[in-house]
Amino acid sequence: MGELASSGETMEGKPSSILVLAELADGKLAPIVFEVVGLARQMADSMQETIRAVVFGRGAAAAGPQMIAAGADTVYVTDSADFVEYQPDVWLAALANVVRQSPVRLVLMGHTNLGADLAPRLAFRLGGAVATNCEAATIDGDKLLITRPCYGNKARSIVWLKKLPAVVTVRAKSRMPVEPDPRRVGEVMDIARPADQASRRSRVIDRRAYAFEGPQLESARVVVAGGRGVGGPEGFRLLESLAQTLGAVVGASRVACDLGWCPLSMQIGLTGKTIAPDLYVAVGISGASQHMAGCGGAKTILAINMDPQAPIFDEATLGVVGDYKELIPRVIEEVRRLKADS
Ligand SMILES: Cc1cc2nc3c(=O)[nH]c(=O)nc-3n(C[C@H](O)[C@H](O)[C@H](O)COP(=O)(O)OP(=O)(O)OC[C@H]3O[C@@H](n4cnc5c(N)ncnc54)[C@H](O)[C@@H]3O)c2cc1C
């Protein structure tokens, strides 16, 4: 690998490649990686550059060829014990090392908990620039322009990153994932080496997972979500029966989570999850822009709300004005009847 002349140079500096940090979830490439590679491939093709990828953690070796199929040209993998858990200091040192040893002007990663934590650290360490939660990146002449949502998803800002390397996190569900092509060829290199123990200033001592069955909110095709209008945890039990009837997953507004009616993992919106189901049923949710930032990508939005003036009706494909407590039992009954007839 060649030496990077200097980190922190401006776009007038020499062109170089794009690096993708490919995150693993339960030993497999996380779904967002395929969106990130899609963006990387689009940029690499327009700039006639190559894509390098880094995979850290258990399952990295098997993920290497999958990254080539997804669109990377060279993949660096390590599944050594030091990288099984995300350790910010250790990962930062290792990733910065890869960037320093190969010519990179853009580092892309998913806007996940890990990406949001690591990206600013990496940019600072390398003397570069950072932009988080981005939807698009383009080159205009010698300018690297990044598009990101602002004002609760109502507008887009375009940011010019003047420093190299630029570290960018990509927002989930903002792009079509790439279809892997198993015929693609590239190089997978094992960079296993012990972590720099001197860099380790924190350690994961425990990890607790919520017991969770059934599909995840992010991948569900149908989501039934409740807000303050549901009135309490017992209201969510009615939503669960509707979800069961429809084969859906239950989500919530921030208010419903803040009030303790639902765990935070169910929150949809700007500071929660971003989803793009085929059908989104919003029950007792007013439709604040911060909420819609997480579900505006749904193909069909059905809103149930008592207030005909609620802003959710401006966003909804279909709307029903009324009390959900009266409407939902009737919907459940009707769906069950239709299912029994078919
Ligand atoms: C920086 C920031 C980030 C935020 N991030 C998020 C986020 O990620 N996700 C999020 O959701 N919010 C977020 N918010 C909060 C957001 O602005 C709203 O306050 C919140 O979404 C409102 O939640 P809600 O729709 O459940 O409640 P409300 O706005 O109180 O709406 C309740 C609705 O229920 C209706 N209703 C009442 N009773 C019934 C009934 N019996 N049947 C049918 N309808 C009924 C009412 O007419 C009303 O429209 C954020 C805010 C800020 C400032």
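See the structure printed just above.
Residues numbered from 1 in each chain as written. Predicted model: local features only at pLDDT ≥ 70, side-chain atom pairs only at ≥ 80, totals over all residues. Heavy atoms only, no water.

Peer 1: Run through the pairing of strand β13 (residues 222-226), naming residues and quoting values.
Peer 2: With five of its five residues buried, β13 lies for the most part within the structure. Residues V222, V224 and G226 line one face of β13 and the alternating positions V223 and A225 line the opposite face, and both faces are buried. In this sheet, strand β15 (residues 279-283) lies alongside β13 in parallel orientation, the contact comprising five bridges. Among the inter-strand pairings, V223 is bridged to a residue of β15, identified as Y280. Bridge analysis of β13 against strand β14 (residues 249-252) gives four bridges, and the strand direction is parallel. In the strand pairing of β14, A225 is matched with G251. (Buried < 20%, exposed > 50% of the residue type's maximum accessible area, 1.4 Å probe, protein only. Helix = DSSP H or I, 4+ residues; strand = E, 2+ residues; numbered from the N terminus. Pairing = 2+ DSSP bridges.)

Peer 1: Help me get a handle on the sheet that holds strand β6 (residues 104-110), residues and values and all.
Peer 2: Taken in spatial order, the seven strands line up as β7-β11-β6-β1-β4-β5-β12 in an open sheet, and their pairing is parallel. A single partner strand is all that each edge strand has here, and the edge strands are β7 (129-134) and β12 (187-190). Across the sheet, the axes of successive neighbouring strands diverge by a mean angle of 20°, strand direction being ignored. Along the sheet, helix α2 (residues 60-70) contacts β1 (17-21), β4 (51-56), β5 (74-78) and β12; its crossing angle with β5, the most-contacted strand, is approximately 170°. (Axes fitted to C-alpha atoms, helices over the stretch in contact; angles between N-to-C directions. Contact = heavy atoms within 4.5 Å.)

Peer 1: Give me the lowdown on the pattern of salt bridges, citing residues and values where you can.
Peer 2: Scanning the entire structure with this criterion turns up 16 salt bridges. We note a salt bridge from E135 to R171, for which the minimum N-O separation is 3.2 Å. On the criterion of sequence distance, the pair formed by E135 in the loop between β7 and β8 (136-140) and R171 in the loop between β11 (166-170) and β12 is long-range, its members being 36 residues apart. Each member of the pair E135 and R171 is classed as buried. Note that R183 and D181 form a salt bridge whose closest N and O atoms lie 3.1 Å from each other. Look at R183 and you get exposed, because its relative accessible area is 70%. (Salt bridge = Lys/Arg side-chain N within 4 Å of Asp/Glu carboxyl O.)

Peer 1: Residues and numbers for helix α5 (residues 233-246), please.
Peer 2: In this model α5 runs 20 Å from its N-terminal to its C-terminal C-alpha over 14 residues, within 8% of the 20 Å that 1.5 Å per residue would give. Taken as a whole, α5 has its buried residues at G235, F236, L239, L242, A243 and T245. The arc enclosing the buried residues of α5, seen along the axis, measures out at 170°, which places them on a common side. Facing away from the buried side of α5 by more than 90 degrees, the exposed set consists of R237 and Q244. Summarising the contacts, the buried residues of α5 are in contact with β13, β14, α6 (254-258), β15 and α9 (324-341). One or two positions beyond α5, positive phi appears at G247, with a value near 70°. (Expected span 1.5 Å × (residues − 1). Arc of directions from axis to C-beta.)

Peer 1: Describe the nonpolar core, listing the residues and the values that go with them.
Peer 2: Counting residues in each nonpolar core, the largest one holds 40 residues, and the members touching the most others are V20, V55, M67 and L108. With ten residues, the top contributor of residues to this core is helix α1 (residues 31-47). Excluding residues within four positions of it along the chain, L108 makes contact with I18, L19, V20, L21, V36, L39, A40, V168 and V170. Formed by 27 residues, the second largest nonpolar core is a distinct cluster that contains L118, L122, A123 and V167. (Core = buried A, V, L, I, M, F, W, Y, C linked by side-chain atoms within 4.5 Å.)

Peer 1: Can you tell me about the site of the ligand, naming the residues and giving the values?
Peer 2: Inspection of the region around the ligand gives 26 residues, with R228, S253, T271, S286 and N305 positioned closest. Contact distances for the ligand include 3.4 Å between an oxygen atom and a backbone N or O atom of G272. Residue H291 places a side-chain N or O atom 2.9 Å away from an oxygen atom belonging to the ligand. Protein chains shield 75% of the accessible area of the ligand, which is 990 Å² for the free molecule. Counting residues per element, the ones that place at least two in the shell around the ligand are α6, α7 (289-295), β16 (300-305) and α9. Taken together, the residues of the shell around the ligand break down into eight nonpolar, 13 polar and five charged. (Near = heavy atom within 4 Å. Polar contact = N/O pair within 3.5 Å; in protein donor to acceptor, adjacent residues only side chain to side chain. Areas by Shrake-Rupley, 256 points an atom, 1.4 Å probe, with all protein chains shown as cover. Nonpolar A, V, L, I, M, F, W, Y, C, P; charged D, E, K, R; others polar.)

Peer 1: Can you tell me about the sheet that holds β16, naming the residues and giving the values?
Peer 2: Overall, parallel pairing links the five strands, which are arranged β14-β13-β15-β16-β17 in an open sheet. Strand pairing shows two members of the sheet lacking a second neighbour, β14 and β17 (318-321), which therefore form its edges. Direction aside, the axes of adjacent strands within the sheet are offset by 20° on average. Alignment of β16 against β17, held across four bridges, turns out to be parallel. Considered in β17, the bridge of A303 is made with G319.

Peer 1: An account of the packing of aromatic side chains is requested, with residue identities and associated values reported.
Peer 2: On inspection of all chains with the given rule, the structure shows four aromatic pairs. Ring centres of F56 and F83 lie 4.8 Å apart, and the angle between their planes is 35°; this geometry places the pair in the tilted category. In this pair, F56 is assigned in strand β4 and F83 in the loop between β5 and α3 (88-101), connecting sequence segments 27 residues apart. Considered together, F56 and F83 belong to a single accessibility category, that of buried residues. Arranged with centres 5.1 Å apart and planes meeting at 85°, the rings of F56 and W91 form a pair that is edge-to-face. In this pair, F56 sits in strand β4 while W91 sits in helix α3, placing the two residues 35 residues apart along the sequence. Here the aromatic residues F56, F83, Y86 and W91 are joined through ring pairs into a cluster of three or more. Across from the ring centre of W160, 4.5 Å away, lies the NZ or CZ of K143, which sits over that ring. (Phe/Tyr/Trp six-rings, centres within 6.5 Å; stacked < 30°, edge-to-face > 60°. Lys NZ or Arg CZ within 6 Å of the ring centre and 35° of its normal.)

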